[in-house]
Amino acid sequence: MLIYIGSDHAGYNFKGVLKDHMEAQSHEVIDLGAFSEDSVDYPDIAREVAEKVYENHASFGILVCGTGTGMSIAANKHIGIRAASCTSEIMAQYARTHNNANVLCIGERILENEEDAKKIVDVFLGSEFEGGRHQDRVDKMMAMEKEGR
Ligand code: RB5
């Protein structure tokens, strides 16, 4: 899989851990920053990842900040993005199977440890959208961005 990953300073440590973890599974992982622990604004990184995921429809995005909240709000402002902030494996599973999420957001200050983050990523990347009735609901969500309200 092709995966774009990004973080702010608060998610910088997990970003490196998750990048190594996914590369060890032979995923292609493109790091869009931050490239140090210096303070950076999470919407800037969310934009970078969101634009790449939109351009490459078969790709996924992973965004890490302190809580996952800011990244998910920012990413969901972008066309074609369905970002889900997940704190558990079951949330990651349903984000893919029901919501067809294409961006996973994680909070480094929220999860107990990096092993939990790895498990959430594994479930997210290993789950497939079920389609069917869920497709109708996703279509309704995506129509909202065209309506602009
Ligand atoms: C940065 O301090 C923090 O606000 C950010 O990482 C994130 O948690 C925002 O939602």
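Up top is the structure.
Basis of the calculations
- Residues numbered from 1 in each chain as written.
- Predicted model: local features only at pLDDT ≥ 70, side-chain atom pairs only at ≥ 80, totals over all residues.
- Heavy atoms only, no water.
- Pairing = 2+ DSSP bridges.
- Helix = DSSP H or I, 4+ residues; strand = E, 2+ residues; numbered from the N terminus.
- Axes fitted to C-alpha atoms, helices over the stretch in contact; angles between N-to-C directions.
- Contact = heavy atoms within 4.5 Å.
- Near = heavy atom within 4 Å.
- Polar contact = N/O pair within 3.5 Å; in protein donor to acceptor, adjacent residues only side chain to side chain.
- Areas by Shrake-Rupley, 256 points an atom, 1.4 Å probe, with all protein chains shown as cover.
- Core = buried A, V, L, I, M, F, W, Y, C linked by side-chain atoms within 4.5 Å.
- Buried < 20%, exposed > 50% of the residue type's maximum accessible area, 1.4 Å probe, protein only.

Caption draft 1: Inspection of the sheet that holds strand β4 (residues 83–85) at higher detail. The strand order across the open sheet built from five strands is β2-β1-β3-β5-β4, with neighbouring strands paired in parallel fashion. Across the chains shown, the open sheet's two edge strands, defined by having one partner strand only, are β2 (28–31) and β4. Ignoring strand direction, the axes of neighbouring strands in this sheet form an average angle of 20°. In the sheet, strand β3 (residues 60–65) pairs with strand β5 (residues 103–107) via five bridges, with the strands oriented parallel. Its bridge partner lying in β5, valine 64 is registered against isoleucine 106. Seen against the sheet, helix α5 (residues 114–126) touches β1 (2–7), β3 and β5 and runs at an angle of roughly 170° to β5.

Caption draft 2: How the structure looks around the site of the ligand. Around the ligand, the neighbouring residues are Asp8, His9, Ala10, Tyr42, Cys65, Gly66, Thr67, Thr69, Gly70 and Arg109. In this structure, glycine 70 approaches the ligand through a main-chain N or O atom, which is 2.8 Å from an oxygen atom. For the ligand, the accessible surface in isolation is 290 Å², of which the surrounding protein chains cover 73%.

Caption draft 3: Structural context of the nonpolar core. Counting 23 residues, the largest nonpolar core has Leu18, Met22, Ile62, Leu104, Ile106, Val121 and Phe124 as the members making the most contacts within it. Elements represented by at least two residues in this core include exactly β1, α1 (12–23), β3, α4 (89–97), β5 and α5. The element contributing the most residues to this core is α5, with six residues. Within the second largest apolar cluster, 16 residues are counted, among which are Ala50, Val53, Ile81 and Cys105.

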